[in-house]
Amino acid sequence: MAKDPTFICSKCNAATTKWSGRCDTCGEWNTIEEVKPLSSGPKSKKAMGGVRGKAIPLTDLATEEQEPPRTLSGVDELDRTLGGGLVKASALLVGGDPGIGKSTLLLQAAARFARNGLKVIYISGEESASQVQMRARRLGLTESPVKLASETNLRDILTTLEAEQPDFVIIDSIQTMWLDTVEAAPGSVSQVRSAAHELTTFAKSRGIAIVMVGHVTKEGAIAGPRVVEHMVDTVLYFEGERGHQFRILRAVKNRFGPADEIGVFEMTGKGLAEVKNPSALFLSERGDPAPGSVVFAGIEGSRPMLCEFQALVSPSPHSQPRRTVVGWDGSRLAMILAVLESRAGVPFTGLDVYLNVAGGLRVSEPAADLAVAAALISAREDAALPKESVIFGEISLSGGLRPAPQTENRLKEASKLGFTSAITPVRTKRGGDGGVTLREMPGLLAFVEQVFGAR
Ligand code: TYD
Ligand code: MG
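Everything quoted here is computed from the prediction, not taken from an experiment.

Criteria and cut-off values
- Residues numbered from 1 in each chain as written.
- Chains lettered and ligands numbered in written order.
- Predicted model: local features only at pLDDT ≥ 70, side-chain atom pairs only at ≥ 80, totals over all residues.
- Heavy atoms only, no water.
- 1 Å grid on protein atoms, 1.4 Å probe; cavity = no way out; pocket = protein on both sides within 12 Å on 5 of 7 lines; lining within 4 Å.
- Points joined across faces, edges and corners; volume = space filled by probe spheres on them.
- Helix = DSSP H or I, 4+ residues; strand = E, 2+ residues; numbered from the N terminus.
- Domains from an automatic or database assignment.
- Nonpolar A, V, L, I, M, F, W, Y, C, P; charged D, E, K, R; others polar.
- Near = heavy atom within 4 Å.
- Polar contact = N/O pair within 3.5 Å; in protein donor to acceptor, adjacent residues only side chain to side chain.
- Areas by Shrake-Rupley, 256 points an atom, 1.4 Å probe, with all protein chains shown as cover.

So, on to the layout of surface pockets. If you add up the space inside the largest pocket, you get close to 310 Å³. Lining the largest pocket are 15 residues, and of these G96, V216, Y237, E239 and R362 sit closest to its centre. Tallying contributions element by element places strand 11 (residues 234–239) first for the lining of the largest pocket, with three residues. In this structure, the second largest pocket is lined by 14 residues; those nearest its centre are V75, Q108, A109, R112 and L272. Listed by contribution, the elements that provide at least two residues to the lining of the second largest pocket are helix 2 (102–115) and strand 14 (271–274). If you tally residues by element for the lining of the second largest pocket, the top one is helix 2, at six residues.

Next up, the structure:
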């Protein structure tokens, strides 16, 4: 094994294992100095050894740097999700199931940004240029100054981008890109990771915003977008149920804005349309009050959003009753069922439980606990809640209730949509609630008794 070099020439940085009066590399006299090894661990080939790096300049926290320049697309739902527009020199990932509408969304975004003055290039590794043109025709975007190419070789793509100097580039998808330096099939973890790394560093060094599309994959053969999430600045997921026309663009990570922000779209025959008032849309199919149906006043990112929880409870023919959830967390449901049973005396043993969020929305807020509990009891007791009421609040394991954040926004939205009362935990902050009456509950047991009566 070669010995670690422990002598460095202070002039040319050449490393040697023994001292001498004159550097063999640059020929200078009296420049060889002994250095302490960088790592103190066991001396193996992998240790940092005696080879010094170069000192990096350090700055302090107070910089004169301005906010990164942003460009708006003009589509509010998209701009808000991006945290207030597209940031120059950034790398973004847009993940989602195949066929959910990622290419459609990004082609429309490309056209918008191009119209707002950015130089935009759309590189498709999945479709031929004519297929993309066909989609553009369907979306009515053929006049937009977006440049198009169908290519998967990353070396060629980077060479082209270097020459063209665009502002905004779309790579559809990262799983089809390949580097000739990596000996693995396109779509494998090492190819996807290396390609994303190349594109991210290229974006930073050339001041380009690059969006990579990543298909969510069920099986391990093709790497999913998760393997590159940590490299990029912004991670957006495009979600929705196949059977529904609603699509939600959700920011799960954003170095330039708040995460958890969402944009709501509707898939139409002519592409994606913005949904300006999602609460109205998610409640649109709601008829007369029915047992098991509850309106939850939720918050997604910075915006309030009303949606309907539906529960169905029926005697189970199985020894192990079913618990089926769509749009909410299954283990959170198990927790609510357990708390209802042990703290409020409402057992669900021997009963199948189905819980659904109407419209294909996915809710992850703990503030939905009370709405879920209400839907479950309402279904179990076959008793509908008042039509004009919304519900929100978090349930703790002790059976206590905790107020939810951003109460005023929730109440304002409820009032806007014609709701006149809200069932909430005590100590809920009011103010600017537009005349919504609060029915405050001190605990889960009190809630069950007051809302559903003594049983
Ligand atoms: P696409 O953007 O190709 O999905 P992804 O890139 O995520 O795989 O969208 C595919 C679906 O969208 C397809 O099933 C058809 C539908 N669609 C519409 O309903 N309207 C449209 O205008 C377009 C372009 C697509
Ligand atoms: Mg696609």
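Anyway, onward from the coordinates.
The next thing to look at is the domain arrangement of the chain. Splitting the chain by domain gives domain 1 (1–36), domain 2 (70–276) and domain 3 (281–452). Placing a centre on the C-alpha atoms of domain 1 and another on those of domain 2 gives a separation of 49 Å.

Okay, empty space enclosed by the protein next. Regions of empty space are outlined by a rolling probe, equal in size to a water molecule, passed over the atoms. Taken as a whole and assessed by the stated rule, the structure comprises four cavities of 30 Å³ or more. Here the largest cavity is characterised by a volume of approximately 90 Å³. Lining the largest cavity are 13 residues; nearest its centre among them are L78, L82, L106, V211 and L236. Broken down by secondary-structure element, the contributors of at least two residues to the lining of the largest cavity are strand 6 (90–96) and helix 2. For the lining of the largest cavity, the element with the highest residue contribution is helix 2, accounting for four residues. Classifying every residue of the lining of the largest cavity by side-chain character gives 13 nonpolar, no polar and no charged. What lines the second largest cavity is L82, G85, L86, V87, S90, L92, T234, N254 and F256. Going through the elements one at a time, strand 5 (86–87) and strand 6 are the ones with two or more residues in the lining of the second largest cavity.

Around ligand 1, a shell composed of 16 residues is seen, among which G99, K102, S103, T104 and G271 lie nearest. Take I100: an N or O atom from its main chain is 3.4 Å from an oxygen atom of ligand 1. Contact between ligand 1 and G101: an oxygen atom at 3.0 Å from a main-chain N or O atom of the residue. Protein coverage of the free-state accessible area of ligand 1, which is 560 Å², stands at 74%. The set of elements that each furnish at least two residues to the shell around ligand 1 consists of helix 2, helix 3 (129–138) and strand 13 (262–268).

Across the junction of D172 and S173, the peptide omega takes the value 5°, indicating a cis bond. Structurally, S173 can be placed in the loop between strand 9 (168–172) and helix 5 (189–206). You will see that A89, though not glycine, has its phi angle at about 55°, which is positive. Tracing the backbone through its elements, the reader meets A89 in the loop between strand 5 and strand 6.

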